[in-house]
Amino acid sequence: MKILVNAIPMTGLLTGIARYLRNLYHTIHGMGRADIRYFNGSCVMEAMPPMANAGRWQKTVGAVRYLPDHLIFGVRAARWMKYEYCLNRVCRNQTPGFSVYHETAFSPARLTRVPTVFSIYDLSLRRYKETHPKERVLFFEYFIKTRLRYARHILTISEFIRQEIISEFKVDPSMVTAVPLAADPVFTPADKNVVATVRQKYNLPPSYLLFVSSLEPRKNIDLLVDALAETKTDIPIVLVGWKGWGEKSWFEKIRNKNFKNRVYITGHIPDHDLRAVYTGAQALIYPSLYEGFGLPIVEAMACGCPVICSNISSMPEVAADAAVLIDPRQSSELAQAIETVVHDTGARTLLAEKGKARALGFTWESTANQTLDVYRNAAR
């Protein structure tokens, strides 16, 4: 089987989509069961493209956010149509041809020569439009309406999102397959000396709660700040992730509540350090309003870090009974969960053990095998 992949989403920060795609294709390549080619918008490459420089990428994306929405939409739309033209040219000239094309971006490409498997990671661009840049919502809405019919099959990452896709786009259930993700193999419990070294590197306190994600509205940091104010404990929280987009009302809350030495913001940090930060945390707090999967939940569990997460969207499906599930609209529930995990050593230990067992149930080998089955069926 010869697979062509849109490799552009692989080259952003190593979060979410990029992490998923790089782990998926690294595993498939290691299995030796498919011939993979990566398309960068102009040419086909045999090797997976390198990651972008994290600092430079964040500066570029941040600068673009200050441009008018209609201008960004116009540029993105023009670039996408150019991408489609180049993709069709490559597929037309390729001998032998590709068995399947995996569209990993926000819209399926207009491609009829090769069966297309289109990944939809979540429907936040419809369900929570207000939490995304307007130009991204416009892009998604325009192209999904005109391009979805070119997809032979839709691949997603949780059963929750699968059901949403079937309902939202009125597609046959047989056309949509959910294949869960897994933690990157780097995420295992770190040695205590490594934890201490990394803690010192980022000037983190000896004991802390942890939040890992892009700092954007959908992640519900406002509720997290409110919950911290309601707890009797003064344990600090460490926020790890790039600054994302949208209003930062939570930042104003932090200043107004005078959380002296209780909130640490590290920005994006590399995986080898993140592993130690997970291991050293009292718990991961993940009160997101909506997730396609929620990789930080499994990453934390794999590192032996107890998890408190939302009881909505895909998160109960991922966490099962290995996390404390809370209503992400009730700060009092989160505050109580924090108090329990921080003060009850037995509960914390049990959560860590159940979490490690839960994380072992998600493997990239399983994800790769199920994904290859989708490709084979699409290529028939």
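Up top is the structure these notes are about.
These numbers come from a predicted model, not from an experiment.

Criteria and cut-off values
- Residues numbered from 1 in each chain as written.
- Predicted model: local features only at pLDDT ≥ 70, side-chain atom pairs only at ≥ 80, totals over all residues.
- Heavy atoms only, no water.
- Helix = DSSP H or I, 4+ residues; strand = E, 2+ residues; numbered from the N terminus.
- Rg over C-alpha atoms; globule rule 2.2 N^0.38 Å.
- Buried < 20%, exposed > 50% of the residue type's maximum accessible area, 1.4 Å probe, protein only.
- Contact = heavy atoms within 4.5 Å.
- Areas by Shrake-Rupley, 256 points an atom, 1.4 Å probe, with all protein chains shown as cover.
- Axes fitted to C-alpha atoms, helices over the stretch in contact; angles between N-to-C directions.
- Parallel < 35°, antiparallel > 145°, perpendicular 65-115°, else oblique.
- Left-handed = near helix turned anticlockwise from the far one by under 90°.
- Nonpolar A, V, L, I, M, F, W, Y, C, P; charged D, E, K, R; others polar.
- Pairing = 2+ DSSP bridges.
- Core = buried A, V, L, I, M, F, W, Y, C linked by side-chain atoms within 4.5 Å.
- Phe/Tyr/Trp six-rings, centres within 6.5 Å; stacked < 30°, edge-to-face > 60°.
- Lys NZ or Arg CZ within 6 Å of the ring centre and 35° of its normal.
- Salt bridge = Lys/Arg side-chain N within 4 Å of Asp/Glu carboxyl O.
- Polar contact = N/O pair within 3.5 Å; in protein donor to acceptor, adjacent residues only side chain to side chain.

Q: So what's going on with the overall build of the protein chain? Which residues, and what values?
A: A tally of helices and strands in the protein chain yields 15 helices and 13 strands. The C-alpha atoms of the protein chain give 21 Å as radius of gyration, which agrees with the globular expectation for 380 residues (21 Å, within 12%). Expressed as lengths along the three principal axes of its C-alpha atoms, the size of the protein chain is roughly 65 × 45 × 40 Å. Across the 380 residues in the protein chain, those meeting the buried criterion constitute 54%. Contacts in the protein chain between residues far apart in sequence, at least 24 positions, make up 73% of those at least 6 positions apart. Summed over all atoms, the accessible surface of the protein chain reaches about 16600 Å², with 52% contributed by carbon and sulfur.

Q: Tell me about the packing of helix 8 (residues 221-230) against helix 13 (residues 331-343), and name the residues and values.
A: Put simply, helix 8 and helix 13 touch, their axes get as near as 8 Å, and they point 60° apart. Classified by the angle their axes make, helix 8 and helix 13 are oblique. For the crossing formed where helix 8 meets helix 13, the hand is right-handed. The segment helix 8 lies against helix 13, with Leu223, Leu224, Asp226, Ala227 and Glu230 engaging Ser331, Ser332, Leu334 and Ala335. Its residues assigned to classes, the contact of helix 8 with helix 13 comprises five nonpolar, two polar and two charged.

Q: Got a sec to walk through the sheet that holds strand 10 (residues 263-267)? Specific residues and values, please.
A: Taken together, six strands build an open sheet; the order of strands is 10-9-8-11-12-13 and the sheet is parallel. Pairing within the sheet leaves two strands with one partner each, and these edge strands are strand 10 and strand 13 (324-326). On average, each strand axis in the sheet is inclined to that of its neighbour by 25°, with strand direction left out of account. For strand 9 (residues 237-240) and strand 10, the ladder comprises four bridges, and the chain directions are parallel. Considered in strand 10, the bridge of valine 240 is made with glycine 267. This element, helix 13, spans strand 8 (209-212), strand 11 (283-286), strand 12 (307-310) and strand 13 of the sheet and lies at about 165° to strand 13.

Q: Just give me the short version of the nonpolar core, but keep the residues and values in it.
A: Judged by nonpolar contacts, the single largest core of 64 residues is most densely connected at Tyr25, Leu210, Tyr278, Leu284 and Ile297. With residues near it in sequence (within four places) discarded, tyrosine 25 still touches Ile3, Val5, Met10, Ile36, Tyr38, Met48, His102 and Tyr375. Within the second largest apolar cluster, 26 residues are counted, among which are Phe211, Leu228, Ala283 and Ala337.

Q: Explain the side chain of threonine 116 to me, using residue names and the numbers behind them.
A: Position of threonine 116 relative to the elements: it lies in strand 5 (residues 116-119). The buried category is assigned to threonine 116, whose relative accessible area is 0%. When sequence neighbours within four positions are dropped, the list of residues in contact with threonine 116 reads Tyr101, Glu103, Leu111, Tyr150, Ala151, Arg152 and His153.

Q: Run through unusual backbone geometry, naming residues and quoting values.
A: Positive phi, normally seen in glycine, also occurs at asparagine 220, with a value near 70°. Relative to the elements of secondary structure, asparagine 220 occurs in the loop between strand 8 and helix 8. Non-glycine residue serine 313 carries a positive phi angle of around 50°.

Q: Summarise the packing of aromatic side chains; cite the residues concerned and give the values.
A: Tallied over the full model, the rule gives 13 aromatic pairs. Summarising the aromatic geometry, the rings of tyrosine 128 and tyrosine 290 are spaced 5.4 Å apart at their centres and angled 50° between planes, so their arrangement reads as tilted. On the criterion of sequence distance, the pair formed by tyrosine 128 in the loop between helix 4 (124-127) and helix 5 (134-147) and tyrosine 290 in the loop between strand 11 and helix 11 (295-302) is long-range, its members being 162 residues apart. The exposure class of tyrosine 290 is buried, given its relative accessible area of 3%. For the ring pair phenylalanine 187 and tyrosine 278, a centre distance of 5.5 Å and an interplane angle of 80° mean the geometry is edge-to-face. With phenylalanine 187 in the loop between strand 7 (176-178) and helix 7 (192-201) and tyrosine 278 in helix 10 (residues 271-280), this pair connects stretches of sequence that are 91 residues apart. Tyrosine 278 matches phenylalanine 187 in its accessibility class, with the two residues each being buried. Feature note: the residues Phe39, Phe73, Trp80, Tyr83, Phe139, Tyr142 and Phe143 constitute an aromatic cluster, connected by ring pairs. Here the basic side chain of lysine 2 rests over the ring of phenylalanine 98, its NZ or CZ set 5.1 Å away from the ring centre. A cation over a ring is seen here: arginine 76 above phenylalanine 139, with NZ or CZ 4.5 Å from the ring centre.

Q: Explain the environment of methionine 315 to me, and be specific about the residues and the numbers.
A: Along the chain, the position of methionine 315 falls in helix 12 (residues 315-319). For methionine 315, a relative accessible area of 0% gives the class buried. When neighbours within four sequence positions are excluded, methionine 315 is seen to be in contact with Tyr286, Ser288, Tyr290, Glu291, Phe293, Ile297, Cys309, Ser310 and Ala320.

Q: So what's going on with the pattern of salt bridges? Which residues, and what values?
A: In the structure shown here, the tally under the stated rule is 18 salt bridges. In this structure, arginine 37 and glutamate 46 form a salt bridge, with 4.0 Å as the shortest nitrogen-oxygen distance. Arginine 37 sits in the buried class, given a relative accessible area of 18%. Overall, glutamate 46 belongs to the exposed group, its relative accessible area being 63%.

Q: Pulling in residues and values, what's your account of helix 7?
A: Where helix 7 begins, the side chain of aspartate 191 points an oxygen toward the backbone nitrogen of asparagine 193, at a separation of 2.8 Å. The first or second residue beyond helix 7 is asparagine 203, which carries a positive phi of 55°.

Read these as geometric descriptors, not functional statements.
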